[in-house]
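Close look at the chain arrangement
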Amino acid sequence: MDRRDFLKQGSAIVVSLGLGNATSVAATDSPETSFRGPYSTENTKAGPSDLSLRFLGTGAAGYYQDQTRRRHSSILLDKKVLIDLNRCSLDMLARRCHPEVLFYTHSHPDHYEPDTALDLNVRKIYLSETWIDKARKDFEKYAAEKKKDMPQLIPLAVGQKVEEGGLVFTALPANHATGNYKEQSLIYLIEKGTTDEHLGVRLLYATDTGGIMGNAGRIAGIDPHLKTGRPVTAFIMEATIGMGMNEDWRMFNHTSVEGVARIAHMMEQQHRYLPSEGQPVYITHMSKKGWPTQEELDRTLPLPLRAAFDGLDVVFKSHS
C-alpha cells in the first residue's frame, strides 16, 4: 500500500470511529487537503492550575543534521523542569529561563548529554536506577573537566513518585532498548493539582517506546483491565515511524503514527483519556526517514494527532 492509499484508508477508519475531540474531517474530504484546528491548547495563557509546556525539540536521533533541523526531543514544564536535554535544544530556552531540575528517559545521546546539563547548571537530576552508576561516572568526568560542581543524581524505580516544582512525576517503564541490557528506559506520568477529588492535569509523556507497556498502563491507571483506573487528561507520544511504514524494523523500540492513533482512540473509547475540547494528541520524536514537512503533517495526520514542532508552547487545562 502506498502512502496516498494508506492515508485515505486510515483517515476513513479514524473518521468512522469518531476519533478525538478536534474538529473531524468529513468522510468526503481528502485527507491531503483537510486541516484541523484551531487547537485549544495553543495561543492561550496558563492559569495557576494549568500545565504549560514547551517543546524544545521534536526530532529523533540524527534529525538535527538534516536540512529540516528538528532538534532532539526535549520538553520544558512550567518553565522549571526539563525532560531530556541536548545542546541543540538550548536555543529554545528563553534567555532568563534557568531550570535546575532534569528528568532523563534513557541514556541514548540524543536524550542524554551530561556536559550540556552541567553547562546549564542543572542541580538535580532524576533517572532510572538501572543506569545511575554510568551517569555518575559520566558526570564526574565532565564536572572535573569543566570544573563544575556535581549535580545531585537521584535514582528512580519503576512506579516511584517524586514531586518537583509543584509537579508530581511517576516513573513508568518504556519499551525501548539501549546498549546496556540492564537499563530500563522510562516514560513519565506528570500530574499537577491531582487529588482524590480532582483530576487536575494528568499528562502521559511517552518517548521513546514501542507502544505502552502493560505495567506502565496499570501504574498510570489507564489500563482498561483496572476497575479503579484513572484517565489521563493529556497525551504526548513519540511517533518515530512515519505514515505508511508500519512494518518498519524499528517497531521493537518505537511507535508508528497509526500506533499512536490507535492507542489514543482506545483510551478515549475506554474513558481513560479525557482531553479538553479542541485538544489534540501531540506526537514528537519524528525521524527524518519517511516524514513530510510540517505543513503536510498539519494536513494529513489522522485525528486527533497533531505534530509538535520545536518551540511550540502548549497549555493543558486543569480538570475538576
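Structure: see above.
What comes next is a walk through the structure. (Residues numbered from 1 in each chain as written. Predicted model: local features only at pLDDT ≥ 70, side-chain atom pairs only at ≥ 80, totals over all residues. Heavy atoms only, no water.)

**Points about the sheet that holds strand β11 (residues 234-238)**
Pairing within the open sheet is mixed, and its seven strands lie in the order β7-β8-β9-β10-β11-β12-β13. Each end of this open sheet is capped by a strand with a single partner; those strands are β7 (161-164) and β13 (305-307). The sheet shows a mean angle of 25 degrees between the axes of neighbouring strands, direction not considered. With six bridges connecting them, strand β8 (residues 167-173) and strand β9 (residues 186-192) associate as antiparallel partners. Residue pairing in the sheet places Val168 in a bridge with Glu191 of β9. Lying on the sheet, helix α5 (residues 257-269) is in contact with β11, β12 (281-284) and β13; it crosses β11 at an angle near 160 degrees. (Pairing = 2+ DSSP bridges. Helix = DSSP H or I, 4+ residues; strand = E, 2+ residues; numbered from the N terminus. Axes fitted to C-alpha atoms, helices over the stretch in contact; angles between N-to-C directions. Contact = heavy atoms within 4.5 Å.)

**Regarding the pairing of strand β5 (residues 124-128)**
Consecutive side chains of a regular strand alternate in pointing toward one face of the sheet and then the other. The buried count for β5 comes to four of five residues, which makes it a mostly enclosed element. Judged from the three bridges that link them, strand β4 (residues 101-103) and β5 form a sheet pairing that is parallel. In the sheet register, Leu102 faces β5, and the bridge partner there is Ile125. Taken together, β4, helix α2 (residues 114-119) and β5 constitute a β-α-β crossover, and its handedness is right-handed. Across five bridges, the pairing between β5 and strand β6 (residues 152-156) is parallel. Bridge pairing in β6 places Ser128 opposite Leu156. Handedness of the crossover is the feature at issue here: the chain leaves β5, passes through helix α3 (residues 132-146), returns alongside β6, and the resulting connection is right-handed. (Buried < 20%, exposed > 50% of the residue type's maximum accessible area, 1.4 Å probe, protein only. Right-handed = clockwise from strand over helix to strand, strands pointing away.)

**Brief notes about the environment of Met92**
Assignment of secondary structure puts Met92 in the loop between β3 (81-83) and β4. With 18 residues separating them along the chain, Met92 and Ser74 place their C-alpha atoms 10.0 Å apart. If we ignore the near neighbours within four places in the chain, the residues touching Met92 are Arg54, Leu56, Arg71, Asp310 and Gly311.

**Concerning the side chain of Arg306**
Its location among the elements puts Arg306 in strand β13. For Arg306, a relative accessible area of 8% translates into the label buried. There is a polar contact of 2.8 Å between the side chain of Arg306 and the side chain of Asp298. The residues contacting Arg306, other than those within four sequence positions of it, are Tyr39, Glu42, Pro280, Val281, Tyr282, Ile283, Gln294, Asp298 and Leu301. (Polar contact = N/O pair within 3.5 Å; in protein donor to acceptor, adjacent residues only side chain to side chain.)

So, to be careful, I would describe these as geometric facts and stop short of saying anything about function.
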